Every structure is written in C-alpha cells, then in structure tokens.
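Residue strings, one per chain:
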Amino acid sequence: NAAILDVGCGGGETGRRLAALAPEGRVIGLDYSTASVEVSRDTNAQEIEAGRVKIAQASVAALPFPDRTFDIVTAVETHYYWPDLPANVGEILRVLKPAGTFALIAETYRGGPFRLLYGMVMPLLRAAYLSDAEHRDLLTQAGFTEVSTMHPSGRNWICATGRRPL
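Quick caveat, the model's predicted, so the values are computed rather than measured.

1. Here's the deal with helix H4 (residues 85-95)
Three- or four-residue spacings in an α-helix give side chains the same orientation, since the helix completes a turn every 3.6 residues.
Consideration 1: For H4, the complete set of buried residues consists of Leu85, Asn88, Val89, Glu91, Ile92, Leu93 and Val95.
Consideration 2: Contact partners of the buried residues in H4: strand S1 (3-7), strand S4 (70-76), strand S5 (96-106) and helix H6 (132-142).

2. Quick notes on helix H2 (residues 34-43)
Consideration 1: Among the residues making up H2, those that are buried are Ser36, Val37 and Ser40. Angular distribution of buried residues about the axis of H2 spans 100°; they occupy a single face of the element.
Consideration 2: Elements in contact with the buried residues of H2: strand S2 (26-31) and strand S3 (53-57).
Consideration 3: Capping of H2 at its N-terminal end is provided by Ser33; its side-chain oxygen lies 3.3 Å from the backbone amide nitrogen of Ala35.

3. Details of the nonpolar core
Consideration 1: Counting 28 residues, the largest nonpolar core has Leu5, Val73, Trp82, Val89, Ile92, Phe102 and Phe144 as its most contacted members.
Consideration 2: With five residues, H4 is the largest single contributor of residues to this core.
Consideration 3: For Val89, the residues in contact, after removing those within four places along its chain, are Trp82, Phe102, Leu138, Leu139, Ala142 and Phe144.
Consideration 4: Listed in part, the ten residues of the second largest apolar core include Leu18, Ala19, Ala22 and Val37.

4. Description of the pattern of salt bridges
Consideration 1: Counting across every chain of the model gives seven salt bridges.
Consideration 2: Linking Arg94 and Glu91 is a salt bridge whose minimum nitrogen-to-oxygen distance equals 2.8 Å. Highlighted residues: Arg94 and Glu91, both in helix H4, separated by three residues, approximately one helical turn.
Consideration 3: Judged by its relative accessible area of 15%, Glu91 falls in the buried class.
Consideration 4: Its salt-bridge partner being Arg163, residue Glu146 comes within 3.6 Å of it at the nearest N-O pair. Pair noted here: Glu146 is in strand S6 (residues 145-150) and Arg163 is in strand S7 (residues 158-163), with a separation of 17 residues, a long-range link.
Consideration 5: Each member of the salt-bridge network shares a partner with another, and the members are Glu13, Arg16 and Arg17.

5. Topic: the pairing of S4
Consideration 1: Where S1 lies against S4, four bridges are found, and the strand directions are parallel. Its bridge partner being in S4, Ile4 is matched across the sheet by Ile72.
Consideration 2: Taken together, the six bridges between S4 and S5 define a ladder with parallel strand orientation. Looking across to S5, one finds that Thr74 is bridged to Ala103.

The rules we used
- Residues numbered from 1 in each chain as written.
- Predicted model: local features only at pLDDT ≥ 70, side-chain atom pairs only at ≥ 80, totals over all residues.
- Heavy atoms only, no water.
- Buried < 20%, exposed > 50% of the residue type's maximum accessible area, 1.4 Å probe, protein only.
- Helix = DSSP H or I, 4+ residues; strand = E, 2+ residues; numbered from the N terminus.
- Contact = heavy atoms within 4.5 Å.
- Arc of directions from axis to C-beta.
- Polar contact = N/O pair within 3.5 Å; in protein donor to acceptor, adjacent residues only side chain to side chain.
- Core = buried A, V, L, I, M, F, W, Y, C linked by side-chain atoms within 4.5 Å.
- Salt bridge = Lys/Arg side-chain N within 4 Å of Asp/Glu carboxyl O.
- Pairing = 2+ DSSP bridges.

Keep in mind these values describe shape, not function.
Below you can see the structure in the form of structure tokens.
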C-alpha cells in the first residue's frame, strides 16, 4: 500500500513493475522529457485507468510534492544527467516520509567490471560517473541513514539505498 515515486520514469517499465509489487499502493512516475512521459503513459495505460499510476512531467530539481509524501522513491538509470546531483538527492530526501527508502539503480559505476568502456563513454556524454564509495557519500551527505550499495558479481549494475531518518 506504499506511496511510491519513480524519478526519471523514462518508458514507464519501472512504474508498471512497482504498481504490480504494491497492488494497494499508488505510483507516480516523473520525467523531465515530454517524449518519455508520453511513452510511460502508454506503457501504464491500464494502471492509469485503474487509478493506481500517475505519470507527470517535472524535474528532480523541484519535485512538485509536499515534504514527507512518499514511502519509497526510485531512480533507475537517470541520476547521470541530473542538473545538480547533491541538491537533487536532497530534494528526494525532502519528499520521503520518515524511515522512507530511496533506491538509486544504475547500469554503470566507476570501478565496475566494464570500467574501461564506461570510463571513456560517460565523460563524452557529460554524465555523472560515480564510484561505489561516491554513491554512498552522495546519499550520506544528503542526510540519508542506513546507506549501502550492492552490485551483482560480474555485472556492472549498482544499487545505492538509504533511509530518511525518523
């Protein structure tokens, strides 16, 4: 029954999966891109019609929600391009309820198995390319507690999580 926000919802697949995991909850997907919002709305048409999912256009720099609104905030494959990464993570902390969880998931991190390839590509894209420790520091410095990172062995994925203090 969680209130869930998916920041940078892209094509909407994460929102659809979250809605399936929280059948009595509500999911809001946000994206800066008009095109992504349209695709995400198509992907989630049934969930939107049922009133379980809402898709909107907005920036992570100014989330259009009151303080302490969400139980969970996710960001999958998006933080690379946020305008001010530390401030934007702080904005996510603002909209989380006490003890709420933030999960930042990405396909690449500096020091991962594909570091040589991504080490060349990410700077060309002007994308944030953080190490495992930098992901943890990012969340800790924003004010999150219980911060940790996980990544499957032999794969380049990272999941950084943290909780909003009580």
